[in-house]
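What follows is the residue order along each chain.
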Amino acid sequence: MPKFERLMSQITIDGLTIPNRIVFPAIHTGYTEPDGRISPKMKHFHSELARGGVGLSIVGFTAVSAQGKFCPETPCLDDDRVVEGLAEVFRAIHDHGSVAAVQIAYAGRQNRTGLEGMPIVAPSPIPCPDLKIVPRALSVDEIEAIENQFAEATARVRDAGVDMVQIHGAHGYLIHQFLSPLSNQRTDIYGGSLENRMLFLLNIVRKSRQRVGPDFPLSCRINGQDYQEGGLTLDDARQIARALAKEGIQFLDVSGGVRGAERVRDEAMATGDFRRLARSVREAAGVPVSCVGMITDLRTAEEILQENTSDMIAIGRALIADPRLIKKSLRGEFDAINPCNKCNTCYYWISGQPHLTCPVYGEW
Ligand SMILES: Cc1cc2nc3c(=O)[nH]c(=O)nc-3n(C[C@H](O)[C@H](O)[C@H](O)COP(=O)(O)O)c2cc1C
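Reading guide: rules and limits
Residues numbered from 1 in each chain as written. Predicted model: local features only at pLDDT ≥ 70, side-chain atom pairs only at ≥ 80, totals over all residues. Heavy atoms only, no water. Helix = DSSP H or I, 4+ residues; strand = E, 2+ residues; numbered from the N terminus. Buried < 20%, exposed > 50% of the residue type's maximum accessible area, 1.4 Å probe, protein only. Polar contact = N/O pair within 3.5 Å; in protein donor to acceptor, adjacent residues only side chain to side chain. Contact = heavy atoms within 4.5 Å. Near = heavy atom within 4 Å. Areas by Shrake-Rupley, 256 points an atom, 1.4 Å probe, with all protein chains shown as cover. Phe/Tyr/Trp six-rings, centres within 6.5 Å; stacked < 30°, edge-to-face > 60°. 1 Å grid on protein atoms, 1.4 Å probe; cavity = no way out; pocket = protein on both sides within 12 Å on 5 of 7 lines; lining within 4 Å. Points joined across faces, edges and corners; volume = space filled by probe spheres on them. Nonpolar A, V, L, I, M, F, W, Y, C, P; charged D, E, K, R; others polar. Pairing = 2+ DSSP bridges. Right-handed = clockwise from strand over helix to strand, strands pointing away.

## Description of the side chain of serine 310
If you trace the backbone, serine 310 turns up in the loop between helix 10 (298-306) and strand 12 (312-314). For serine 310, a relative accessible area of 0% gives the class buried. A polar contact of 3.2 Å, which involves the side chain of serine 310, links it to the backbone oxygen of valine 289. Polar contacts involving the side chain of serine 310 include one to the main-chain carbonyl oxygen of methionine 312, which spans 2.7 Å. Look past the residues within four positions of serine 310 in its chain and what remains in contact with it is Arg282, Val289, Ser290, Cys291, Ile304 and Leu305.

So, in structure tokens, the structure goes:
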């Protein structure tokens, strides 16, 4: 019987004990009702993942305000009914002995709700390569207001019972738009040097920390590299990671890639290049990290931990295809796993489905 000694060992991050090293990463599901409330499907989804043995389950992209939504189905934390619905999701995760996190985010120029008349904002009036809508540059007052919204959202989900908040600084969304010189050409304190471009993220961390106090686990997702010419490099990511660690961030989820560079990103995942990023960021920041990117086999996950590349392993699509993957692997029943076929139907806003669905698993 396979042992998975490190993978199944617990880890304590920022005072929070997680029963094993497997993370279900932030995955936007679209499991909301037309009026914005959380649908029972989201509770079922995270409950099944926790029942399947995930140590940490992260609720995907959750906007800090309506203007920060990424698509019409995005849950929005300025709505009490949404926070109440999320509280039930967190409880469902806890009921199966797992730890609950939520990713808080702001879409900025990657906002697909523009069609609904919501203003599209960004650090600079530079359009997102695929949406091609010229965003309005945020004023300093507006930037400060968004920083405050992140802090307020952190407090709201903390009060709703979540164990950890993940601030989304990756994948070309607003925080990343500030970090990248390709989308941030401001000439004030929020633009120019990497130090200035980091200010928005660091202010969000500081204000959130101030709002919830020293004992609540805060983490960040960052890109280890953008895989885009002129975008963030691994060296930038290492500097960002160090600055975050200095601000007390004790857990970094290292991802990579941006819109318009999907092919390179997918190749990097397939060749395991994200592991190089995780290892390097971990070494630079000196805090635990998680590694992600088409890790579909727990034997590979164990190897990554054994070689000290990462402290946790995120498994997304493979668990959507088979939420029993962990249990089956622990029993050595690898042939019984229903593998993800990498069709990406789960990216429902691209594949044209009403919400996340998976041809391998079926309707969740
Ligand atoms: C349907 C879908 C939705 C996603 N939503 C988010 C999200 O809300 N926030 C985020 O940071 N990443 C998101 N991602 C990226 C995943 O967190 C993860 O990094 C990616 O799927 C690679 O891991 P995997 O190969 O194990 O699936 C999403 C991915 C998929 C497939």
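## Concerning the site of the ligand
Near the ligand you find 20 residues, and of these Ala26, Gln103, Arg221, Met294 and Arg317 are the closest. At a separation of 2.9 Å, a nitrogen atom of the ligand approaches a polar backbone atom of histidine 28. A distance of 2.8 Å separates an oxygen atom of the ligand from a polar side-chain atom of arginine 221. Across the complex, the protein chains shield 96% of the 600 Å² of accessible surface that the ligand would expose by itself.

## Section: the packing of aromatic side chains
Tallying each qualifying case throughout the model produces 14 aromatic pairs. Centre to centre, the rings of phenylalanine 24 and phenylalanine 45 are 5.6 Å apart; their planes meet at 80°, and the pair counts as edge-to-face. With phenylalanine 24 in strand 3 (residues 22-27) and phenylalanine 45 in helix 1 (residues 40-51), the pair connects residues that are 21 residues apart, well separated along the chain. The pair formed by phenylalanine 24 and phenylalanine 45 is uniform in burial state, with each residue classed as buried. Residues tyrosine 227 and phenylalanine 274 carry aromatic rings whose centres are separated by 6.0 Å and whose planes lie at 15° to one another, so their mutual orientation is stacked. Residue tyrosine 227 is found in the loop between strand 9 (218-223) and helix 7 (234-246), and its partner phenylalanine 274 is found in helix 9 (residues 273-285); the two are separated by 47 residues along the sequence.

## Concerning the side chain of aspartate 273
Along the chain, aspartate 273 turns up in helix 9. Taking the relative accessible area as the measure of exposure, aspartate 273 reaches 18% and is therefore buried. A polar contact of 2.7 Å, which involves the side chain of aspartate 273, links it to the side chain of tyrosine 227. When residues no more than four places from it in sequence are discounted, the contact partners of aspartate 273 are Tyr227 and Ala268.

## Section: empty space enclosed by the protein
Think of a ball as big as a water molecule: rolled over the atoms, this probe shows where empty space is left. Under the counting rule described, the total for this entry stands at 2 cavities of 30 Å³ or more. If you add up the space inside the largest cavity, you get close to 70 Å³. Lining the largest cavity are 13 residues, and of these Cys340, Asn341, Cys343, Cys346 and Cys358 sit closest to its centre. Partitioning the lining of the largest cavity into residue classes produces 8 nonpolar, 3 polar and 2 charged. Looking at the second largest cavity, the residues that line it are Ile27, His28, Thr29, Gly30, Tyr31, Met42, His46, Val59, Gly60, Phe61, Glu73 and Pro75. Sort the elements by how many residues they give to the lining of the second largest cavity and strand 4 (residues 56-63) lands first, with 3 residues. The class makeup of the residues in the lining of the second largest cavity is 6 nonpolar, 5 polar and 1 charged.

## Quick look at the pairing of strand 9
Counting buried positions along strand 9 gives 6 out of 6 residues, so the element sits mostly inside the fold. Alternating positions in strand 9 separate into two faces, Leu218, Cys220 and Ile222 on one and Ser219, Arg221 and Asn223 on the other, with burial throughout. Judged from the 5 bridges that link them, strand 8 (residues 164-169) and strand 9 form a sheet pairing that is parallel. Pairing of glycine 169 across the sheet is with isoleucine 222, part of strand 9. Of the pairings in the sheet, the one linking strand 9 to strand 10 (residues 252-255) comprises 4 bridges and is parallel in character. Within strand 10, the position partnered with arginine 221 by the bridge is aspartate 253. Note that the unit made of strand 9, helix 7 and strand 10 has a crossover that is right-handed.

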